[in-house]
Structure formats: C-alpha cells, structure tokens
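One letter stands for each residue in the lines below.
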Amino acid sequence: MKHPKTYHKQMINKNQKQVIIEGPLTSEQLTHYYFDDGLKAFRPPKKQFEAIKSIADFPEGRIIIAHDEDKIVGYATYLHPDPLERWSTIKMEDLLELGAIEVSHEYRGLGIGSNILKLSMMDEQMENYIVITTEYYWHWDMKSTKLNVWQYRKLMETMMGYGGLKPMSTDDPEIISHPANCLLVRIGKNVPQSSIDTFDKLRFMGRTDFFM
C-alpha cells in the first residue's frame with residue numbers, strides 16, 4: 001500500500017498568541033523547530049522530539065505540529081501500531097494509530113488539540129485508513145487540569161471527536177482494566193469491508209468464533 005501525504009496548514013490567533021498548525025512534516029522540516037519544555041507527557045522533551053522525527057521518516061508516519069514561531073507547542077503522531085500491541089497481531093496496511101497528541105500547558109485553551117486533529121483528517125488519503133487511539137486514564141493530566149477521571153474521559157472523547165474518532169468496544173485487557181479507559185476509532189469512507197472485518201477480529205480477540 002502506498003502512503004501519499006498531502007500537506008495542510010492553518011493559523012490560530014487567540015489570547016494574544018499566534019500559532020501555526022501544519023503537516024505532515026518530514027524529519028528534515030522538523031529540524032527547523034525545537035520542542036517546548038512543557039511537552040513532557042511521554043518522555044523528556046528532547047527525547048520525544050527525536051522520537052517524532054524518526055516517525056516522520058516511516059512510509060506511513062505522519063507528524064502534525066503546532067508551533068509559535070520556531071517553538072513546537074503541540075503535535076500529533078500517526079503510524080502503524082507498535083509490533084508489541086494487539087493491534088499489530090494481524091498486519092493491516094490500512095490501520096494507523098494516533099500514537100500521541102500533546103499540547104504544552106501554557107498553550108492549552110486555544111483549541112490547538114482539536115485543530116491538530118481536524119487538520120490531520122483534511123488529507124483525502126486518511127479516508128483509506130482505519131485510525132485508532134487507545135486512551136488510558138493513567139496517562140491523563142488530571143493534576144493540572146483539576147478534572148476527575150470521568151470529566152477527563154469526556155474531554156478526550158470530545159477532542160477526539162474533532163478528528164472523527166468515536167468510542168468502540170473491545171475486549172483488550174488493558175482497556176477493560178478500568179471503565180474510564182477506551183478505544184476510539186475512525187473508519188475512513190474508502191476502507192473496504194474486508195479490512196473492517198479484520199479490525200473486528202483485532203477488537204475481540206477473546207472471542208474464539210472469530211478465529212474458527
């Protein structure tokens with residue numbers, strides 16, 4: 001499967017800040033920017049920046065960024081699911097995972113996350129993919145937001161909805177280990193039924209009838 005990527009760009013002017021959202025970008029294009037120190041949800045900012053540059057070089061990899069001049073203040077990554085996850089048990093060329101989305105604390109409240117997601121889906125190529133993201137409450141920043149687990153779950157559902165991702169059921173052990181965890185999915189309009197059927201097998205691997 002080929003993975004063409006069409007670049008899109010938009011600007012946010014709000015609260016005396018001007019932020020540009022653009023992508024997908026190549027690793028070479030990303031070298032013109034640096035990571036804000038507030039982007040530390042997954043690993044230290046410099047290490048996470050190196051990680052997203054490597055993702056940008058994958059054939060299917062997509063990096064969308066939000067930047068204030070040359071400072072990256074938000075980003076999202078798309079790539080095939082990790083080989084160690086259940087979602088790669090059956091190899092699907094048309095399955096992408098929204099692996100990470102993050103906005104620096106200082107820049108929250110500007111609609112950056114929702115606009116990153118909307119811009120991500122402007123590329124017509126995204127209609128050829130099933131896009132998933134897995135949300136686990138232990139990754140959520142409830143301390144600084146002062147939201148409880150259910151309020152944060154609602155926040156994540158609302159934000160992911162801007163990218164067309166909606167909750168879907170699964171028997172994945174990590175997801176069902178806590179009722180706030182969830183799988184969110186967007187099925188592109190060009191995805192064949194055969195891929196949808198395969199994805200259903202991945203969602204419910206505990207059901208032996210899928211594998212008979």
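Structural data are supplied above this passage.
1. Let's talk about the nonpolar core
One finds Val 19, Tyr 78, Ile 101, Ile 112, Ile 116, Val 131 and Met 160 to be the most contacted residues of the largest nonpolar core, which totals 32 residues. Listing elements by their share of this core, those giving two or more residues are β2 (17-23), β4 (62-68), β5 (71-79), β6 (95-103), α3 (112-120), α5 (149-161) and β9 (182-187). Among all residues touching Met 160, those that are not within four sequence positions of it are Leu 98, Ile 101, Leu 117, Thr 133, Glu 135, Leu 165 and Leu 184. One finds Leu 25, Leu 30, Ile 55 and Ala 56 within the second-largest nonpolar core, a separate group that totals 15 residues.

2. Re the pairing of β5
When you tally the buried positions in β5, you get nine out of nine residues, the bulk of the element. In this sheet, β5 lies alongside strand β3 (residues 34-35) in parallel orientation, the contact comprising two bridges. If you follow Phe 35 over to β5, its bridge partner there is Ile 72. Sheet topology places β4 next to β5; seven bridges connect them, and they run antiparallel. Residue pairing across strands places Ile 63 opposite Thr 77, the latter belonging to β5. Where β4 folds back onto β5 in an antiparallel hairpin, the turn is made up of two residues, including Glu 69, whose phi is positive at roughly 55 degrees. Sheet topology places β5 next to β6; six bridges connect them, and they run antiparallel. Residue pairing in the sheet places Leu 79 in a bridge with Glu 97 of β6.

3. Some points on the packing of aromatic side chains
Applying the stated rule across the entire model yields six aromatic pairs. Plain terms: the ring middles of Tyr 136 and Trp 138 are 5.2 Å apart, the flat faces sit at 0 degrees to each other, and that makes the pair stacked. Each residue in the set Phe 35, Phe 49 and Tyr 75 is aromatic and connected to the rest through ring pairs, giving one cluster. The aromatic ring of Tyr 107 is capped on one face by Lys 17, whose charged end is 5.3 Å from the ring centroid. Lying over the aromatic face of Trp 87, Arg 86 brings its terminal NZ or CZ to 5.7 Å of the ring centre.

4. Re the environment of Thr 133
Inspection of the secondary structure assignment puts Thr 133 in strand β7 (residues 130-135). The contacts of Thr 133, once residues within four sequence positions are left out, are Leu 98, Met 160, Leu 165, Cys 182, Leu 183 and Leu 184.

5. Some details on the layout of surface pockets
Estimates place the volume of the largest pocket at around 1500 Å³. Looking at the largest pocket, it is lined by 50 residues, and the ones nearest its centre are Ala 41, Phe 42, Ala 100, Ile 101 and Glu 102. Every element with two or more residues in the lining of the largest pocket is listed here: α2 (45-56), β5, β6, α3, β7, α4 (142-145) and α5. Per-element accounting of the lining of the largest pocket gives the leading share, seven residues, to β6.

Rules of the game
Residues numbered from 1 in each chain as written. Predicted model: local features only at pLDDT ≥ 70, side-chain atom pairs only at ≥ 80, totals over all residues. Heavy atoms only, no water. Core = buried A, V, L, I, M, F, W, Y, C linked by side-chain atoms within 4.5 Å. Buried < 20%, exposed > 50% of the residue type's maximum accessible area, 1.4 Å probe, protein only. Helix = DSSP H or I, 4+ residues; strand = E, 2+ residues; numbered from the N terminus. Contact = heavy atoms within 4.5 Å. Pairing = 2+ DSSP bridges. Phe/Tyr/Trp six-rings, centres within 6.5 Å; stacked < 30°, edge-to-face > 60°. Lys NZ or Arg CZ within 6 Å of the ring centre and 35° of its normal. 1 Å grid on protein atoms, 1.4 Å probe; cavity = no way out; pocket = protein on both sides within 12 Å on 5 of 7 lines; lining within 4 Å. Points joined across faces, edges and corners; volume = space filled by probe spheres on them.

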